Amino acid sequence: MLDYDLHCHSDVSDGLLPPAELVARAAERGVRVLALTDHDDIDGLAQARVAALARGMTFINGVEISVTWRSHTLHVVGLNVDPSWRPLIDGLHSIRSGRRARAEKMAAGLAKCGISGVLAGASRYAHNPDIIGRTHFARYLVEVGQARDVKSVFKRFLVKGKPGYVPHEWASLSDAIGWIRGSGGVAVLAHPGRYMMGKHSMGAKTMRELLVEFTAFGGQALEVVTSSHSPNQFAEFARYAREFDLYASCGSDFHGPGESYFDIGRLPDLPMDVRPVWQLWEPAATATVSQAVEAAELTQVNG
Ligand code: AMP
Ligand code: MN
Ligand code: MN
Ligand code: MN
């Protein structure tokens, strides 16, 4: 089990817990290094950091930026970003500003198929009105009995081609990576397996084109272990990480109890043959890992 969790959400975006409660849950579950990565917002970082330090954890300033690349919506996680970096603050503000109008269109789409009052209902779930999004809609639609859980609501109402789906232009890939790298952070392509699943997904050829662009713009890591991936996908994306010389990251993508496959801090180990992303900011980890690999090789050689 890993004691790093580098992707999770508080109620500053679409998580259920306030930052300090999220940190408390992570600490109870043995997380030693935690990154809070709210969607398009860094407002929870200061609170989370205080709570994490009080518990003796290492805290990483993070964010998950919504990106439009070709016809796809992608998520790019920034780790160790500087929350006072002006281009990052302004960039995130510019993405957030479109969410309200999008939510109004989503509600209008749902009203057309007979479900009214969704904007007011979803807004009750959005503690931070700037970040209102599909998860808040999903929780409200479950509340009023339109589906039995958040996953089924997405399938029926909130994905491409469904009545509550509204196409949206998020940040460009180069801008998102630029804001992260400019602030001193590491850009991680989040849950790549998600982009290869479902009706409008990309194939292997497009994934390779994406990874070429991602690395060319300064992206350095791929999320390998995440709630969105099956064990086969851990291995598949470990291969992509090696092929594109990317570091590997891991995070639960926890939103709330019962809402993601892995709870916070309950992640399986990264595959052995990848370089963990924390080597980029923990030189000691590099030494430890390469020593461990050497030791393993010696053991093999010696039988
Ligand atoms: P938005 O940024 O408003 O488009 O919302 C995206 C969020 O919706 C993601 O971060 C997830 O939390 C959630 N989400 C997306 N797809 C699904 C799905 N199929 N099942 C459950 N939650 C999902
Ligand atoms: Mn989310
Ligand atoms: Mn995501
Ligand atoms: Mn996420």
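Residues numbered from 1 in each chain as written. Chains lettered and ligands numbered in written order. Predicted model: local features only at pLDDT ≥ 70, side-chain atom pairs only at ≥ 80, totals over all residues. Heavy atoms only, no water.

**Q** Please clarify how the overall build of the chain should be interpreted in this entry.
**A** Within the chain, the regular secondary structure consists of 11 helices and seven strands. What you see for the chain is a C-alpha radius of gyration of 19 Å, in line with the 19 Å of a compact globule of 303 residues. The buried share of the chain, taken over its 303 residues, is 52%. For the chain, the proportion of contacts with a sequence separation of at least 24, taken over those separated by at least 6, is 71%. Accessible surface, the chain as shown: approximately 13500 Å² in total, 53% of it carbon and sulfur. Across the chain, the 31 positively charged side chains and the 33 negatively charged ones have centroids separated by 8 Å. (Helix = DSSP H or I, 4+ residues; strand = E, 2+ residues; numbered from the N terminus. Rg over C-alpha atoms; globule rule 2.2 N^0.38 Å. Buried < 20%, exposed > 50% of the residue type's maximum accessible area, 1.4 Å probe, protein only. Contact = heavy atoms within 4.5 Å. Areas by Shrake-Rupley, 256 points an atom, 1.4 Å probe, with all protein chains shown as cover. Lys, Arg positive; Asp, Glu negative; His and termini not counted. Charge placed at Lys NZ, Arg CZ, Asp CG, Glu CD.)

**Q** Before we go on, may I ask you to explain the site of ligand 1 in this structure?
**A** Lining the immediate surroundings of ligand 1 are 13 residues, of which H39, R99, R102, R134 and H255 lie closest. One of the side-chain nitrogen or oxygen atoms of H39 is found 2.8 Å away from an oxygen atom of ligand 1. Residue H255 places a side-chain N or O atom 2.9 Å away from an oxygen atom belonging to ligand 1. Calculation on ligand 1 without its partners gives an accessible area of 500 Å², and the protein chains cover 84% of this total. Those elements that place two or more of their residues in the shell around ligand 1 are α4 (99-112), α6 (134-143) and α7 (150-158). By residue number, the principal contributor to the shell around ligand 1 is α7, which donates three residues. Its residues assigned to classes, the shell around ligand 1 shows two nonpolar, five polar and six charged. When residues are assigned to domains, the shell around ligand 1 turns out to be shared by domain 1 (4-96 + 168-185 + 210-219 + 240-255 + 263-302) and domain 2 (99-158), each giving three or more. (Near = heavy atom within 4 Å. Polar contact = N/O pair within 3.5 Å; in protein donor to acceptor, adjacent residues only side chain to side chain. Nonpolar A, V, L, I, M, F, W, Y, C, P; charged D, E, K, R; others polar. Domains from an automatic or database assignment.)

**Q** I tried to follow the coordination of the manganese ion (ligand 4) on my own but got confused; where do I start?
**A** Octahedral metal centres with six donors ideally show angles of 90 or 180 degrees, and tetrahedral centres with four donors ideally show 109.5 degrees. Those protein atoms acting as donors to the manganese ion (ligand 4) are H7 (NE2), H9 (NE2), E64 (OE) and D253 (OD), and they sit at 2.1 to 2.2 Å. All donors of the manganese ion (ligand 4) belong to a single chain; written as a sequence motif, their spacing is H-x1-H-x54-E-x188-D. Separating the manganese ion (ligand 4) from the manganese ion (ligand 2) is a gap of 4.6 Å. One end of the pair, H7, is in the loop between β1 (4-5) and α1 (19-28); the other, D253, is in the loop between β7 (247-251) and α11 (283-301), with 246 residues separating them in the sequence. D253 matches H7 in its accessibility class, with the two residues each being buried. (Donors = N, O, S within 2.8 Å, 3.2 Å for Na, K, Ca; no water.)

**Q** Quick question: what am I supposed to make of the coordination of the manganese ion (ligand 2) here?
**A** Looking at the manganese ion (ligand 2), one finds its protein donor set to be D14 (OD), D14 (OD), H39 (NE2) and H255 (NE2), positioned 2.2 to 2.8 Å from the metal centre. Of note is the manganese ion (ligand 2), whose six donor atoms meet at the metal with angles of 51 to 152 degrees in an arrangement that counts as irregular. Here the donor residues of the manganese ion (ligand 2) share one chain and are spaced in sequence as D-x24-H-x215-H. The distance between the manganese ion (ligand 2) and the manganese ion (ligand 3) comes to 5.5 Å. With D14 in the loop between β1 and α1 and H255 in the loop between β7 and α11, the pair connects residues that are 241 residues apart, well separated along the chain. The pair D14 / H255 is uniform in exposure class, with both members buried. (Tetrahedral: all angles 85-135°; square planar, octahedral: opposite > 155°, others 65-115°.)

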